[in-house]
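Fold and contact review
Chain by chain, the residues:
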Amino acid sequence: MDNLFVKTLLDSIHVLATVLWFGGMFINFIVIRPSAAKTLNPEMTGKFQKALMSRFRIIVYVSIVVLGITGIPMKIVSEHYVGIVNFDHIWGVISFIKHLLYGLLVVLAVLNFEVLSPRMAKAAKSGNTAEASVWKKRLAISGLLAITTAIATLILSSMMRYL
Ligand code: HEM
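Here is a short report on the structure shown in this document. (Residues numbered from 1 in each chain as written. Predicted model: local features only at pLDDT ≥ 70, side-chain atom pairs only at ≥ 80, totals over all residues. Heavy atoms only, no water.)

**Details of the overall build of the chain**
Formally: Helix and strand assignments come from DSSP, with helices taken as H or I runs of at least 4 residues and strands as E runs of at least 2, each series counted from the N terminus. Exposure classes here rest on a 1.4 Å probe applied to the protein chains alone. A residue is buried below 20% of its type maximum, exposed above 50%, and partly exposed in between. Any two residues having at least one pair of non-hydrogen atoms within 4.5 Å are treated as being in contact.
Secondary structure assignment for the chain yields 4 helices and 0 strands. Ordered by position from N to C terminus, the α and β elements of the chain give α-α-α-α. Principal-axis analysis of the C-alpha atoms places the extent of the chain at approximately 55 × 30 × 20 Å. Every one of the 163 residues in the chain was classed for burial, and the buried ones make up 34%. Looking at the chain alone, contacts between residues at least 24 apart form 74% of all its contacts between residues at least 6 apart.

Laid out in structure tokens, this is it:
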């Protein structure tokens, strides 16, 4: 397990999953969603968002699993590793906080894909613009929270490297 090739492979896959998930989330929030809102009517926005989310959902769920599967062995081979939960060294504390943020991101992803997005699409499809805009607002709040948590996760991940 403590082999340069295996460690590099796991690390690269870990980073690739991060890029796909977080990169997609940032681009969706900063570029795609505002552009769709500017150019499409509410009904089309709902349809577009539904199609986009059903594809992005797969990428996110796969990334969640891949990050867990690659992160655990990466943690165990680390020179700082003592136990899954250990607060003797700051590395263990940061790692634990990162796990909590990971859990929060998973909850937010499920909330976005399984509750907020489908409800917004349903309201838009039925022509209920007022209800659709309420779900849209909730989706934006949850998206903003996910982006903030993602940035915090990246900062903690970088910090772990230099402790
Ligand atoms: C949202 C989920 C996660 C994201 C976005 C993420 C992202 C990252 C990134 C960007 C790095 C730095 C890689 C590099 O510099 O080459 C990293 C390192 C690491 N990650 Fe994750 N990670 C996540 C979840 C996890 C989980 C669940 C675990 C453990 C179970 C984990 C364990 C680690 C370990 C041990 C390192 C190396 C830290 C060090 O060098 O001391 N990660 N992660």
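**Let's talk about the coordination of the iron atom of the ligand**
Threshold: In this listing, donors mean N, O and S atoms no farther than 2.8 Å from the metal, or 3.2 Å for Na, K and Ca; water is missing from the atoms, so a site can look incomplete.
Taken together, the protein donors to the iron atom of the ligand comprise His14 (NE2) and Lys98 (NZ), at separations of 1.9 to 2.1 Å. Residue Lys98 is classed as buried on the basis of its relative accessible area of 19%.

**Regarding the side chain of Arg33**
Let me state the cut-off plainly: In this tally, Lys and Arg are treated as positive and Asp and Glu as negative; His is ignored, and so are the chain termini. Whenever a carboxyl oxygen of Asp or Glu lies within 4 Å of a side-chain nitrogen of Lys or Arg, that contact is scored as a salt bridge.
As for its placement among the helices and strands, Arg33 is situated in helix 1 (residues 4-39). It is Glu114 that comes nearest to the buried, bridge-free Arg33 among opposite-charge side chains, at 14 Å. Not counting residues up to four positions away in its chain, the partners in contact with Arg33 are Asn28, Gln49, Met53, Leu139 and Ala140.

**Here's the deal with the nonpolar core**
Applicable threshold: Nonpolar cores are built from buried Ala, Val, Leu, Ile, Met, Phe, Trp, Tyr and Cys residues. Side-chain atoms within 4.5 Å join them into one set.
Trp21, Phe22, Met25, Val60, Leu105 and Phe113 are the most contacted members of the largest nonpolar core, which totals 16 residues. Every element with two or more residues in this core is listed here: helix 1, helix 2 (42-77), helix 3 (90-125) and helix 4 (129-161). Examining the composition of this core, we find that 5 residues originate from one element, helix 2, more than from any other. Discounting chain neighbours no more than four positions away, the residues touching Met25 are Phe56, Ala146, Ile147 and Ala150. One finds Met120, Ala124, Ala132 and Leu139 within the second-largest nonpolar core, a separate group that totals 7 residues.

**Details of the site of the ligand**
To keep it simple, the criterion reads: Nearness here has a simple test: a residue counts as near a molecule or strand if at least one of its heavy atoms is within 4 Å of that partner. Whenever a nitrogen or oxygen atom comes within 3.5 Å of another N or O atom, the pair is scored as a polar contact, on the condition that within protein one atom can donate a hydrogen and the other can accept it, and that pairs from neighbouring residues in sequence are kept only if both atoms are in side chains. Each residue is assigned to one of three groups, with Ala, Val, Leu, Ile, Met, Phe, Trp, Tyr, Cys and Pro labelled nonpolar, Asp, Glu, Lys and Arg labelled charged, and all others, Gly among them, labelled polar.
The environment of the ligand is made up of 19 residues, and the closest members are Asp11, His14, Trp91, Lys98 and Arg161. Within the side chain of Arg161, an N or O atom sits 3.0 Å from an oxygen atom of the ligand. Those elements that provide at least two residues to the shell around the ligand are helix 1, helix 2, helix 3 and helix 4. Element by element, the count of residues in the shell around the ligand is highest for helix 1, at 6 residues. In the shell around the ligand, the residues fall into 10 nonpolar, 5 polar and 4 charged.

**Quick word on the packing of helix 1 against helix 4**
The criterion, for reference: Interaxial angle, 0 to 180 degrees, is taken between N-to-C directions of lines fitted to C-alpha atoms, where a helix line uses only the stretch in contact. If an angle is under 35 degrees, it is roughly parallel; if it is over 145, roughly antiparallel; if it lies from 65 to 115, roughly perpendicular; otherwise it is oblique. It is the rotation of the near helix from the far one that decides the hand of a crossing: anticlockwise by less than a right angle makes it left-handed, clockwise makes it right-handed.
Contact pair helix 1 / helix 4: the axes reach a minimum separation of 11 Å and the direction vectors enclose 150 degrees. Of the possible angle classes, the one that applies to helix 1 and helix 4 is roughly antiparallel. In this structure, helix 1 crosses over helix 4, and the sense of that crossing is left-handed. Across the interface between the two elements, Asp11, Thr18, Phe22, Met25, Phe26, Phe29, Arg33 and Ala37 of helix 1 pack against Lys136, Leu139, Ala140, Gly143, Leu144, Ala146, Ile147, Ala150, Ile151, Thr153, Leu154 and Arg161 of helix 4. Its residues assigned to classes, the contact of helix 1 with helix 4 comprises 13 nonpolar, 3 polar and 4 charged.

**Quick word on a nonpolar patch on the surface**
The following threshold applies: Surface patches are drawn from residues lacking salt bridges whose relative accessible area is over 30%; two like charges belong together within 9 Å, two nonpolar side chains (Val, Leu, Ile, Met, Phe, Trp, Tyr) within 5 Å. In these tables, accessible area is a Shrake-Rupley quantity obtained with a 1.4 Å probe, and a residue counts as shielded only by the protein chains included in the view.
Taken together, Ile72, Ile76, Ile84, Val85 and Phe87 make up a surface patch of nonpolar side chains, about 480 Å² in accessible area. Looking at Ile72, the relative accessible area reads 49%, which means it is partly exposed.

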